[in-house]
Amino acid sequence: MGVDGKMFTLAEVSEHNSPKDCWLVIVGKVYNVTEFLEDHPGGDEVLLSATGKDATDDFEDVDHSTTAKAMMDEFYIGDLDTETIPKKRQYTPPKQPHYNQDKTAEFIIKLLHFLVPLAILGVAVGIRIYTKSN
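Conventions adopted
Residues numbered from 1 in each chain as written. Predicted model: local features only at pLDDT ≥ 70, side-chain atom pairs only at ≥ 80, totals over all residues. Heavy atoms only, no water. UniProt positions renumbered as here; feature names shortened; annotations may be inferred. Helix = DSSP H or I, 4+ residues; strand = E, 2+ residues; numbered from the N terminus. Buried < 20%, exposed > 50% of the residue type's maximum accessible area, 1.4 Å probe, protein only. Contact = heavy atoms within 4.5 Å. Pairing = 2+ DSSP bridges. Core = buried A, V, L, I, M, F, W, Y, C linked by side-chain atoms within 4.5 Å. Patch = residues over 30% accessible without salt bridge, like charges linked within 9 Å, V, L, I, M, F, W, Y side chains within 5 Å. Areas by Shrake-Rupley, 256 points an atom, 1.4 Å probe, with all protein chains shown as cover. Salt bridge = Lys/Arg side-chain N within 4 Å of Asp/Glu carboxyl O.

As recorded in an unreviewed UniProt entry, the chain goes by the name Cytochrome b5-like heme/steroid binding domain, listed as coming from Dillenia turbinata. UniProt's Subcellular location (unreviewed entry) comment on the chain is quoted here verbatim: "Endoplasmic reticulum membrane".

Put into structure tokens, the structure is as follows:
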């Protein structure tokens with residue numbers, strides 16, 4: 001089924017992502033594995049999940065046999081145009097508002113909300129003890 005010299009873009013290959021039309025990219029080569037979906041030992045879900053991207057890592061992680069690798073020639077339909085693969089972007093975290101750690105005024109108010117009642121309670125207990133002893 002091989003078509004020598006045929007070039008496909010990643011967008012073209014990505015359109016073939018259904019059980020009735022399934023293409024994969026492995027090591028820069030495009031394979032039409034539609035007829036193989038039912039026969040794949042790992043099930044068709046494995047192949048369908050690898051569509052629309054470079055499936056080389058997925059393929060090599062499984063450590064396929066030499067027989068499986070030889071079978072690939074029968075499904076080869078062309079090569080992937082490497083210029084159509086998007087460049088990897090460096091992750092940039094989303095912008096967040098600056099956190100002001102110096103919230104002195106708010107901190108003092110919260111501290112006073114705690115300490116003033118505690119001081120009043122201390123004074124009341126002190127007065128109570130002082131008046132009982134007299």
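Draft legend 1. Geometry of the side chain of His40. Mapped onto the elements of the fold, His40 is located in the loop between strand E4 (29-32) and helix H2 (44-49). Looking at His40, the relative accessible area reads 15%, which means it is buried. In contact with His40, other than residues within four places in its own chain, are Val46, Leu47 and His64.

Draft legend 2. Here's a closer look at the pairing of strand E5 (residues 76-80). For E5, the tally of buried residues reaches four of five residues, placing the bulk of the element in the interior. Note that strand E1 (residues 7-8) and E5 share two bridges and pair parallel. When the bridges of E5 are listed, Phe8 appears paired with Leu80. In the sheet, E4 pairs with E5 via three bridges, with the strands oriented antiparallel. Its bridge partner lying in E5, Tyr31 is registered against Tyr76.

Draft legend 3. The arrangement of the environment of Tyr31 in detail. Assignment of secondary structure puts Tyr31 in strand E4. When its relative accessible area of 7% is taken as the criterion, Tyr31 is described as buried. Sequence separation of Tyr31 and Met72 is 41 residues, and the distance between their C-alpha atoms is 7.5 Å. Residues in contact with Tyr31, not counting those within four places in the same chain, are Cys22, Trp23, Leu24, Ile26, Met72, Phe75, Tyr76 and Ile77.

Draft legend 4. Region of the structure containing the nonpolar core. One finds Leu24, Ile26, Tyr31, Val33 and Leu47 to be the most contacted residues of the largest nonpolar core, which totals 14 residues. It is strand E3 (residues 21-26) that provides the largest number of residues to this core, a total of three residues. Ile26 has contacts with Tyr31, Asp54, Ala55, Thr56, Phe59 and Met72, leaving out every residue within four places of it along the chain. Listed in part, the eight residues of the second largest apolar core include Phe8, Trp23, Val30 and Leu80.

Draft legend 5. Local environment of the UniProt feature "transmembrane region" (unreviewed entry) in the chain. Mapped onto this structure's residue numbering, the UniProt feature "transmembrane region" (unreviewed entry) falls at residues 111-131. For residues 111-131, the helix share is 100%, the strand share is 0%, and the end-to-end C-alpha distance is 30 Å.

Draft legend 6. Spatial organisation of the sheet that holds E4. Read across the sheet, five strands follow the order E1-E5-E4-E3-E2 without closing on themselves; strand pairing throughout is mixed. The outermost strands of the open sheet, each flanked by one partner alone, are E1 and strand E2 (17-18). Pairing of E3 with E4 involves four bridges; the strand directions are antiparallel. Bridge pairing in E4 places Val25 opposite Val30.

Draft legend 7. Summary view of a nonpolar patch on the surface. Residues Phe107, Ile108, Leu111, Leu112, Phe114, Leu115, Val116, Leu118, Ile120, Leu121, Val125 and Ile129 make up a contiguous nonpolar surface patch of about 1,200 Å² in total accessible area. Tracing the chain through its elements places Ile108 in helix H5 (residues 104-133).

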